[in-house]
Amino acid sequence: IMAEGGGNARNVPKFAIDDWDDFTQIVKQLVSNYDKARESYQTIIIDTTEALVSICEQKIAKRYGVLDVSMVQDAQKGNPNGYMLARTMFKNQINALTRHGFTVVFISHEMVDTDYTDPFTGDKYEKIMPFGSNKEKGSTRFVRDLCDFVVYTVPMGVDSDSGKTIYSKAICKETKNVFARSRYPMMQ
């Protein structure tokens, strides 16, 4: 599911979305025709997390006639928290996919937290994080925490002799300089 441009590197079925209704329509088609859909699709890749989150938040902002979800609650007395509405709406769609057995992979850009503080030692250093992780109220952080696995991939370049791409490395556990994790503590 292409929430932003640039998904043409792989020859797989792609669905470009421009708004939240496009996304919910795709989810509805996948789950309502589950048996047929599973013949063709087992894994749903969302490219990128932050683009889809933005599309979801735009839907909420538009519904309440404001420019940004942060303005929903202040726009009129009694309005709900716009971020909570967007997160619930987002999570409901992802849960619909996973309840039907689809694996959902989120692709996210990275950011470097230049002032990361180790919660145990208090030391400060740089750490590579999924985009938006430094915003405590940010919705992309919510998606990061929703995932069972967070994997950071490191490109390895091209073999100078053969000209072939070297497979990327995947970091699956948190290190001093990279955020990665599994929800399952027994899984290496």
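For the structure itself, consult the block above.
Here the residue index of a chain counts from 1 through its sequence in written order. The predicted origin of the model limits local features to residues at a pLDDT of at least 70 and limits the giving and counting of side-chain atom pairs to 80 or more, whereas totals for whole chains, interfaces and linings rest on all residues. Calculation of side-chain values draws on the structure's entire complement of heavy atoms; hydrogens and water are dropped beforehand.

When strand E3 (residues 110-117) meets strand E4 (residues 124-130), the two strands line up antiparallel, connected through 6 bridges. In the sheet register, Tyr116 faces E4, and the bridge partner there is Tyr125. Between E3 and E4, which pair antiparallel in sequence order, lie 6 residues; one of them, Gly122, sits at a positive phi of approximately 80°. A pair of strands counts as paired when DSSP detects no fewer than two bridges linking them. Here a helix means four or more residues in a row that DSSP labels H or I, a strand means two or more in a row labelled E, and each is numbered from the N terminus.

Turning to the packing of helix H1 (residues 20-32) against helix H3 (residues 49-63), a few remarks are in order. Following both chains from N to C, one finds H1 and H3 inclined at 110°, their axes separated by 8 Å at the closest point. Taken together, the axes of H1 and H3 lie roughly perpendicular to each other. In this structure, H1 uses Trp20, Asp21 and Phe23 to contact H3, whose residues at the interface are Leu52, Ile55, Cys56 and Lys59. Polar here means any residue other than Ala, Val, Leu, Ile, Met, Phe, Trp, Tyr, Cys and Pro, which are nonpolar, and Asp, Glu, Lys and Arg, which are charged; Gly is therefore polar. Residues of the contact of H1 with H3, tallied by class, amount to 5 nonpolar, no polar and 2 charged. For helices, the axis comes from a line fit to the C-alpha atoms of the stretch in contact; other axes are also lines fit to C-alpha atoms, and the angle between any two N-to-C directions lies between 0 and 180 degrees. To sort the angles, those under 35 degrees are grouped as roughly parallel, those over 145 as roughly antiparallel, those from 65 to 115 as roughly perpendicular, and the leftovers as oblique. Throughout, a contact is declared for two residues whenever any of their heavy atoms are within 4.5 Å.

Another point: the packing of aromatic side chains. In this scheme Phe, Tyr and Trp rings, the latter by its six-membered ring, pair at centre separations within 6.5 Å, and the angle between planes marks the pair as stacked below 30 degrees, edge-to-face above 60, and tilted otherwise. On inspection of all chains with the given rule, the structure shows 7 aromatic pairs. Ring geometry for Phe15 against Tyr41: centres 6.1 Å apart, planes inclined by 70°, an arrangement best described as edge-to-face. Taken together, the positions of Phe15 in the segment before H1 and Tyr41 in the loop between helix H2 (34-40) and strand E1 (43-47) put the pair 26 residues apart, joining distant regions of the chain. Only protein chains enter the accessibility calculation, which uses a 1.4 Å probe; a residue whose area is less than 20% of its type maximum is buried, one above 50% is exposed, and one in between is partly exposed. Phe15 sits in the partly exposed class, given a relative accessible area of 34%. Residue Tyr41 is classed as partly exposed on the basis of its relative accessible area, which comes to 23%. Ring pairing ties together the aromatic residues Trp20, Phe23, Phe90 and Phe106, which thus form one cluster. Of note, Arg38 hangs over the ring of Phe102, and the distance from its end group to the ring centre comes to 5.7 Å. A positively charged side chain is recorded as over a ring if its NZ (Lys) or CZ (Arg) lies within 6 Å of the ring centre. The angle to the ring normal must also be within 35 degrees.

What follows is about the side chain of Gln93. Relative to the assigned elements, Gln93 resides in helix H5 (residues 82-99). By relative accessible area, which is 18% here, Gln93 ends up buried.

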